[in-house]
Each structure stands twice: as structure tokens, then as C-alpha cells.
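Architecture at a glance
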Amino acid sequence: MNPLAIQRVRSKWAKTKVLLRSAEMHSYIPQTKRFSRETLHRMLQEYEMVYVKPVSGTYGNGVIRVERTGEQGSGYRFQHGTTERYGASFDSLFEALNSYAGRKGYIVQKGIHLLKHRGRRFDLRVMVQKNLRNQWETTGIIGKLGNPRKIVTNYNNGGTIWSFETLLSSHLSASEMSALQAKLKRLGVKIGKQLQTAYPGLKELGVDVAIDTKFHPWVLEVNTKPHPYIFNKLADKSMHRKVTRYAAAYGGIKRKKH
């Protein structure tokens, strides 16, 4: 198969809207709106922490974490990369943020307080692919441990790859981890089926999932061009073998010549 036949969808906003057409998905999608002064103000009042993201960004580039600070949330702080800035008023915050987000399309997403491992935030990458029977299958779940100086966990942005079991073992029992893993596998398949209703040419998805402090999964975003190489960072290569076998079958990567 020609790899160009695999559909890719860059817009986070477009993918979010398709997912929200499914009532079942609503409890897994943090509230997400187009960036505007009014939306930012309202969501900060409601959630106190939000993420401002470029609609078409990759590798966590351009993501900004915004928080209300001080007594009664009278001040504001935002972090972009390793740079932190403070604003005494919403007006000053918006003016500073607009220098980043006003140039191109951005969205505002409810902030999820991630679980931590050794004091560092982490989230999960759930790999979902068309299998050899052309059905959606969750083929891998891996952990991304964030750089302590940054707000994103992406490997390309200084994050490190860990196994699901290592990151969750200090939070959950073996049976609880198994139940969460099964839930994430089912969620991955549901996401594939739902996105396919609008984008029938999809073959592979990298779903970034945050687990909050109550162990509820939240879909932060869905990447339609996920890189399988991160699964090769684990000592156990079984997930990587499956991911690459499926990707080779539908043309996502080149087959090795023997």
C-alpha cells in the first residue's frame, strides 16, 4: 500500500469535534474551546489551570500552561517551554499570551493534574492500529515521563519513555493496573472507530492520555502520525514488534528487505 493513502489529520480542534459527536466520549475529553479572551477568562475562572495549545502543533511545541495564582486567584502565571511569566491582572496575562496565541489558531483545554513518578509528571501514549484483519486494535501502552523543567512529556521535548507498570505501580495494585490497562485498550478502539466515521483513511493513532489523581483517563490529543520508535525504548520489545509488524502491513513504515 502507498503510505500516502494513510489519512493524516493535523487539526486538534477538528479531531476533538469528531470525538465529541459520540456521547460515550464526553467523559474522556477535557473541555476544549477555541482560544479567545472570553473563553480563556471563563475557563480559568472555572478550572484555575488550563493548557493553551496550537491547533496544528506537534511534539508538544507551542503548548502553554496557564494558572491562577495568589489569594483568591488574583494573579496569573504561565509557562511556555522553560520560560515562566507572571501577570498581576487578567489583562496583562492575555496581552502576554496573545503574543504567542494570537498569531495562529490555538485552543484552550481544561488542565488535568497529572499523576507523578519521582516528582515528575507523566502521561501515557496509547497506540491504536488497524490490525491484519483491518480492525482497530490497541497494540501498545507506554509511559512518557516529563522533563522536570518543562510542562510537556513528549520524548522530542526532553521526556523519557517508561513502562506503564513502572509508572503506575506506586499508585495502583497489580489488579487495579490490569483493570486500567484493559479500560485504556477499549478506549483506544472506541477512539479509532469514532474518528473513522469522519476520516475513513486512518490506519494508526497515537492517543495521549492523562491519568488524573482519581485514576480517570483523559484524552489530551490524538496524533494520526504516531512514531513507533518510542516503543523500542523499552527493554521488553514485544510491543515494538507488534506495532511495527502492523505498520509494515498497512504501509506506515517500510518493510525490511531480507
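Everything below is about the structure shown above.
This report concerns the structure included in the present document. Counting starts from 1 at the beginning of each chain's written sequence and moves along it residue by residue. Selection of residues for local features in this predicted model requires a pLDDT of at least 70, selection of side-chain atom pairs for listing and counting requires 80 or more, and totals for whole chains, interfaces and linings are taken over all residues. Computation of side-chain values: all heavy atoms of the structure, hydrogens and water removed.

Our focus in this paragraph is the pattern of salt bridges. If the charged atoms of two oppositely charged side chains come close together, the side chains can form a pair. Just to be clear on terms, a salt bridge is a Lys or Arg side-chain nitrogen sitting within 4 Å of an Asp or Glu carboxyl oxygen. Inspection of every chain in the model, using the stated rule, returns 11 salt bridges. Between Glu204 and Arg8 there is a salt bridge whose closest N-O contact spans 2.8 Å. One end of the pair, Glu204, is in strand β11 (residues 204-211); the other, Arg8, is in the segment before α1 (12-19), with 196 residues separating them in the sequence. Taken together, the shared-partner salt bridges connect Arg65, Glu67, Arg77 and Glu84 into one network. By definition, any uninterrupted DSSP run of H or I lasting at least four residues is a helix, any uninterrupted run of E lasting at least two residues is a strand, and each is numbered from the N terminus.

Across the interface, helix α2 (residues 37-47) lies against helix α3 (residues 90-101) with an axial gap of 11 Å and an inter-helix angle of 125°. Classified by the angle between their axes, α2 and α3 sit oblique to one another. Helix-helix and strand crossings are classified by hand; for α2 and α3 the assignment is right-handed. Contacts between α2 and α3 pair Arg37, Leu40, His41 and Leu44 from the former with Phe90, Asp91, Leu93, Phe94 and Leu97 from the latter. Gly counts as polar in this scheme, as do all residues outside two lists: the nonpolar Ala, Val, Leu, Ile, Met, Phe, Trp, Tyr, Cys and Pro, and the charged Asp, Glu, Lys and Arg. Among the residues forming the contact of α2 with α3, the class breakdown is six nonpolar, one polar and two charged. To obtain each axis, a line is fitted to C-alpha atoms, and for helices this fit is confined to the stretch in contact; angles are then taken between N-to-C directions over 0 to 180 degrees. Here roughly perpendicular refers to angles of 65 to 115 degrees, roughly parallel to angles under 35, roughly antiparallel to angles over 145, and oblique to all remaining angles. For any helix crossing, the convention is left-handed if the near helix is rotated counterclockwise from the far helix by under a right angle, and right-handed if that rotation is clockwise. Here, residues are in contact when the closest pair of their heavy atoms is within 4.5 Å.

In this analysis, strands are considered paired if DSSP registers two or more bridges between them. Strands sit in the order β1-β6-β2-β3-β4-β5 across an open sheet of six strands; the sheet is antiparallel. Two strands lie at the open edges of the sheet, namely β1 (32-34) and β5 (83-87), each paired on one side alone. Direction aside, the axes of adjacent strands within the sheet are offset by 25° on average. Direction of pairing for strand β2 (residues 49-54) relative to strand β6 (residues 106-110): antiparallel, over a ladder of five bridges. Counted as the bridge partner of Tyr51 is Gln109 from β6. Against the sheet, α1 contacts β1, β2 and β6, and its axis sits at roughly 130° relative to β1.

Here we come to the nonpolar core. To qualify as a nonpolar core, a set must consist of buried Ala, Val, Leu, Ile, Met, Phe, Trp, Tyr and Cys residues joined through side-chain atoms within 4.5 Å. The buried label goes to any residue with under 20% of its type's maximum accessible area, the exposed label to any with over 50%, and the partly exposed label to all in between, with areas taken from a 1.4 Å probe on protein chains only. The biggest cluster of nonpolar side chains holds 33 residues, and the ones touching the most others in it are Leu168, Ile191, Leu205 and Val207. Looking at this core, the elements with two or more residues in it are α1, β8 (120-130), β9 (136-145), α4 (164-168), α5 (174-196), β11 and β12 (217-223). No other element matches the seven residues that α5 contributes to this core. If we ignore the near neighbours within four places in the chain, the residues touching Ile191 are Leu19, Met25, Leu205, Val207, Val219 and Val222. Counting residues in hydrophobic clusters, the runner-up holds 19 residues, among them Leu44, Phe90, Leu93 and Tyr100.

Each cavity reported here is a set of points on a 1 Å grid over the protein atoms alone in which a 1.4 Å probe fits but cannot get out, each pocket an open set with protein on both sides within 12 Å along at least five of seven lines, and each lining residue one with an atom within 4 Å of a point. Grid points are joined across faces, edges and corners, and a volume is the space filled by probe spheres set on the points. As enumerated under the stated definition, the model contains one cavity of 30 Å³ or more in all. Looking at the largest cavity, its volume works out to about 100 Å³. Taken together, 13 residues line the largest cavity, and the ones lying closest to its centre are Lys12, Thr16, Leu220, Glu221 and Val222. Here the lining of the largest cavity is built from residues that sort into six nonpolar, three polar and four charged.

Take unusual backbone geometry next. At Glu48, a position not held by glycine, the phi torsion is positive, near 70°. As for its placement among the helices and strands, Glu48 is situated in the loop between α2 and β2.

Between its first and last C-alpha, α5 extends 33 Å over 23 residues, near the 33 Å set by a 1.5 Å rise per residue. Within the span of α5, buried status applies to Met177, Leu180, Leu184, Leu187, Gly188, Val189, Ile191, Gly192, Gln194 and Leu195. Looking at the packing, one finds that the buried side of α5 touches α1, β8, β9, α4, β11 and β12. A helix is expected to span 1.5 Å for every residue after the first.

The criterion for an aromatic pair is that two Phe, Tyr or Trp rings (for Trp, the six-membered ring) have centres within 6.5 Å, with stacked assigned to planes under 30 degrees apart, edge-to-face to planes over 60 apart and tilted to the rest. Taken as a whole and judged by the stated rule, the model has three aromatic pairs. The interplanar angle of 10° and the centroid separation of 5.8 Å between the aromatic rings of Phe35 and Phe94 together place this pair among those described as stacked. Taken together, the residues Phe35 in the loop between β1 and α2 and Phe94 in helix α3 connect sequence positions 59 residues apart. Of the two residues, Phe35 and Phe94, both sit in the buried class. Considering the side-chain rings of Phe90 and Phe94, the 6.3 Å spacing of their centres and the 25° angle between planes classify their relative orientation as stacked. With Phe90 and Phe94 both in helix α3 and four residues apart, the pair spans about one turn of that helix.

With four of five residues buried, β6 lies mostly within the body of the structure. Pairing analysis gives three bridges linking β1 to β6, with the strands arranged antiparallel. Residue Arg34 lies in a different strand from β6, and its bridge partner there is Ile107.

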